[in-house]
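In case you want the letters, here they are:
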Amino acid sequence: MGFFKRLNIMPTKPKNKAKNTHNSKESLDIEVGSIHEELEVPVASELVFRKIWKIKRFHHTIKKRDLLDSPEFRCSVNGMTTFWNISVRFWKGANGKKVTNPLVICLNLTGSETEETGQARVRFQFGVWNAHIKHWECCPIASVVLNLQNTKELLSVGYKSLGVMERHIDPDKDVKIMVKIQIIQSDEEVHSLSQDMARLMVNEESKDTLIECYCDSENKDCEKTPLIVHSWIIRTRSDKLATRMEEQSDGKNKGMKYLLCLPEYSYGVVNELVRYIYTDKVDCADKYAAKLLPISIVYHLQGLKGLCERHLIESLTPANVANILLLADQCRCENLRKAALHYCEGSDEIKGNVHMAGKTLAWRVMEMVNPDLFMEACESIGSSSSNLDSPGTPGGSWSD
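All values derive from a computational prediction rather than experimental measurement.

Participant: Can you explain the side chain of glutamine 182? Please cite residues and give values.
Facilitator: Considering the arrangement of structural elements, one finds glutamine 182 in strand β10 (residues 175-185). At 2.7 Å, the side chain of glutamine 182 forms a polar contact with the side chain of arginine 123.

Participant: Let's hear about the sheet that holds strand β14 (residues 258-266): which residues, and what values?
Facilitator: Strand order in the open sheet formed by four strands is β12-β11-β14-β13, and the pairing between neighbours is mixed. Strand pairing shows two members of the sheet lacking a second neighbour, β12 (227-229) and β13 (245-247), which therefore form its edges. Averaged over all pairs of adjacent strands, the angle between strand axes in this sheet comes to 30 degrees, irrespective of strand direction. Here strand β11 (residues 209-214) runs beside β12; their pairing, made up of three bridges, is antiparallel. Following the sheet pairing, threonine 209 is matched in β12 by valine 229.

Participant: I'd love a proper account of the nonpolar core, names of residues and values included.
Facilitator: Judged by nonpolar contacts, the single largest core of 62 residues is most densely connected at Leu292 and Trp363. Those residues in contact with tryptophan 363 that sit more than four places away from it in its chain are Val321, Ala322, Cys344, Ile350, Asn353, Val354, Phe374, Ala377 and Ile381. Within the second largest apolar cluster, 38 residues are counted, among which are Leu47, Met80, Leu107 and Leu109.

Participant: A description of unusual backbone geometry should follow, citing residues and the corresponding values.
Facilitator: In this structure, the amide linkage connecting asparagine 101 to the following residue, proline 102, adopts the cis form with an omega of 5 degrees. On the secondary structure map, proline 102 appears in strand β5 (residues 98-114). One non-glycine residue with positive phi stands out, namely lysine 173, at about 70 degrees. Here lysine 173 lies in the loop between β9 (155-162) and β10. The phi torsion at serine 206 lies on the positive side, around 70 degrees, for a residue other than glycine. Positionally, serine 206 belongs in the loop between α4 (193-202) and β11. The class of serine 206 is exposed, set by a relative accessible area of 60%.

Cut-offs and rules
Sequence order sets the numbering: in each chain, residues are counted from 1 along the sequence as written. This being a predicted model, a pLDDT of at least 70 is required before a residue's local features are given, and a value of 80 or more before pairs of side-chain atoms are given or counted; all residues contribute to the totals for chains, interfaces and linings. As a rule here, side-chain values cover all heavy atoms of the structure and leave hydrogens and water aside. Note on conventions: DSSP H or I runs of at least 4 residues are helices, E runs of at least 2 residues are strands, and numbering of each starts at the N terminus. Any pair of nitrogen or oxygen atoms within 3.5 Å is treated as a polar contact; in protein, a donor-acceptor pairing is required on top of that, and neighbouring residues in sequence qualify only through side-chain atoms on both sides. In this analysis, strands are considered paired if DSSP registers two or more bridges between them. Between N-to-C directions, angles cover 0 to 180 degrees, with each direction set by a line fitted to C-alpha atoms, over the stretch in contact for helices. The criterion is simple. A nonpolar core is a set of buried Ala, Val, Leu, Ile, Met, Phe, Trp, Tyr and Cys residues joined through side-chain atoms within 4.5 Å. Buried means the residue's accessible area, taken with a 1.4 Å probe over protein chains only, is under 20% of the maximum for its type, while exposed means over 50%, and partly exposed covers the values in between. Two residues qualify as a contact provided that any one of their heavy atoms is within 4.5 Å of a heavy atom in the partner residue.

This is the structure:
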């Protein structure tokens, strides 16, 4: 993940003890200029800019203002510079008065400078800092196509409705809003290795391996579109998967030299596994990350493991943290396990899900199958076995 920091270098004054001289007076007026950072990377589409906007004295600020704009920031890479800001706008109620919660968070392109004009796909994601558990709560990723050219015109790229609760207010009464931006230039994307491999994945020529898996409810007709792959790429990417390939001669599937049987996995999961093997990407991480993580462990796909862990950490909520904690422990993913336990710290909403009267199914399962993990989670939450029967206090909700 890429990080970008704009540096504003203040004019410096030379240390000179001499007084009342023409030279020393002149030197005090000299500005040494400023500096900014421009990144150079092999493929710009792999770079993600992350910007954090701290709104000071949040409640006081939004009460006094009808609109709020962040300072402008720039994202500069490989000769292309884009300028952005984040803005806060307010809904209006039936009486015409502004509604201060939820907020409308907008991402605006304020200008661009580029050596080559053309279309680009921009992926962005908003988040708000949970000050109680020190964790980013992220909205779903959104995507738009823009025509990038040399311009200073303001363009609204997208917005989200965002609920700010007490857990988002830090001890200084500030709120942090985060945005991640990824800019994918069309020509670059078309000619990248990942895209070349994606084209190879859908090209039926020279494929010689048939994958067998079960048809799930969303892919009932999967037998009509069987998964076939190149044996060489399976061998290159995973020695463990390669050991499950068997030679075959099937009259029905001419040209298929090998059969890879994965009967324990659904068509949708295997399809995303194949996509990762070819392109290093997963299209439906929201849906399949939890299912792909154990597969990445079994077949020694470290890149897939990291991708799934990052996505699951970013998608933690009070409703799913128990399931993710169980999964992390099962797969021995220490980073994910620590993140899930840290997410539980001091959360009244999670405490409400754990107490005996309203304990959710995932917490009950954890208590039965892994009592040590359950007790560790309770310690993080701030509970103990003696107070789990007491009613919890539900926290606020995330508004998207």
